[in-house]
Amino acid sequence: MFTSIPSDRTSTAVEAINVNPFTKVVNLRYTNGYEYKYSNVSRAKIVNLMVNPNMSFGFWVQSLSRDAVRALSYLKGNTVATGKLCYEFIGCTNDSKAVLPF
């Protein structure tokens, strides 16, 4: 079950975030339209973002981007097997109202 984080927080880099603490997956859209899927995100990190309305998107996403490794093509859809925080590019849009994929 994905939960959308309210976009009333100000961020110049992040447009939308959907999180699923059960599967440890985060879908993220930057303001340039690029969309990424992060797998194996710490549940504590996800819940912390959900319950703290004052938390900065920028700092939260920056730590994801810094620590994540690119999902290899042969692991497509099976990044849980690595046990590491992984990311993969899932698309691009120029419509700020488009929903993120679940």
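Residues numbered from 1 in each chain as written. Predicted model: local features only at pLDDT ≥ 70, side-chain atom pairs only at ≥ 80, totals over all residues. Heavy atoms only, no water.

Caption draft 1: The arrangement of the sheet that holds strand β6 (residues 86-92) in detail. An order of β1-β2-β3-β4-β6-β5 is seen for the 6 strands of this open sheet, with the pairing classed as mixed. At either margin of the open sheet sits one strand with a lone partner, and together these are β1 (3-4) and β5 (69-70). Of the pairings in the sheet, the one linking strand β3 (residues 25-30) to strand β4 (residues 34-39) comprises 5 bridges and is antiparallel in character. Opposite Val 26, over in β4, you have Tyr 38 as the bridge partner. (Pairing = 2+ DSSP bridges. Helix = DSSP H or I, 4+ residues; strand = E, 2+ residues; numbered from the N terminus.)

Caption draft 2: Expanded view of the pattern of salt bridges. Under the counting rule described, the total for this entry stands at 3 salt bridges. Across the salt bridge formed by Arg 29 and Glu 15, the nearest N and O atoms sit 3.2 Å from each other. A residue pair is termed long-range when its members are at least 10 positions apart, and Arg 29 in strand β3 and Glu 15 in strand β2 (residues 14-20) qualify at 14 residues. On the basis of relative accessibility, which here comes to 1%, the residue Arg 29 falls in the buried class. Residue class for Glu 15 comes out partly exposed when judged on its relative accessible area of 21%. A salt bridge links Arg 66 to Asp 67, with the shortest nitrogen-to-oxygen separation between them at 3.3 Å. Assessed through its relative accessible area of 58%, Arg 66 is described here as exposed. (Salt bridge = Lys/Arg side-chain N within 4 Å of Asp/Glu carboxyl O. Buried < 20%, exposed > 50% of the residue type's maximum accessible area, 1.4 Å probe, protein only.)

Caption draft 3: Examining the packing of aromatic side chains more closely. Tallying each qualifying case throughout the model produces 5 aromatic pairs. Ring centres 5.9 Å apart and planes at 80 degrees place the aromatic pair Tyr 30 and Tyr 36 in the edge-to-face group. No difference in accessibility class separates Tyr 30 from Tyr 36, as the two residues are buried. What links up through ring pairs into an aromatic cluster is the set Tyr 30, Tyr 34, Tyr 36, Tyr 38, Tyr 87 and Phe 89. (Phe/Tyr/Trp six-rings, centres within 6.5 Å; stacked < 30°, edge-to-face > 60°.)

Caption draft 4: Layout of the nonpolar core. The biggest cluster of nonpolar side chains holds 18 residues, and the ones touching the most others in it are Ile 17, Val 26, Tyr 38 and Trp 60. Where this core is concerned, the elements lending two or more residues are β2, β3, β4, α1 (43-51) and α2 (57-67). Looking at which element gives the most residues to this core, the answer is α2, with 4 residues. Beyond its immediate sequence surroundings of up to four residues, Tyr 38 is in contact with Lys 24, Val 25, Val 26, Leu 28, Tyr 30, Leu 64, Ser 65, Ala 68, Cys 86 and Tyr 87. (Core = buried A, V, L, I, M, F, W, Y, C linked by side-chain atoms within 4.5 Å. Contact = heavy atoms within 4.5 Å.)

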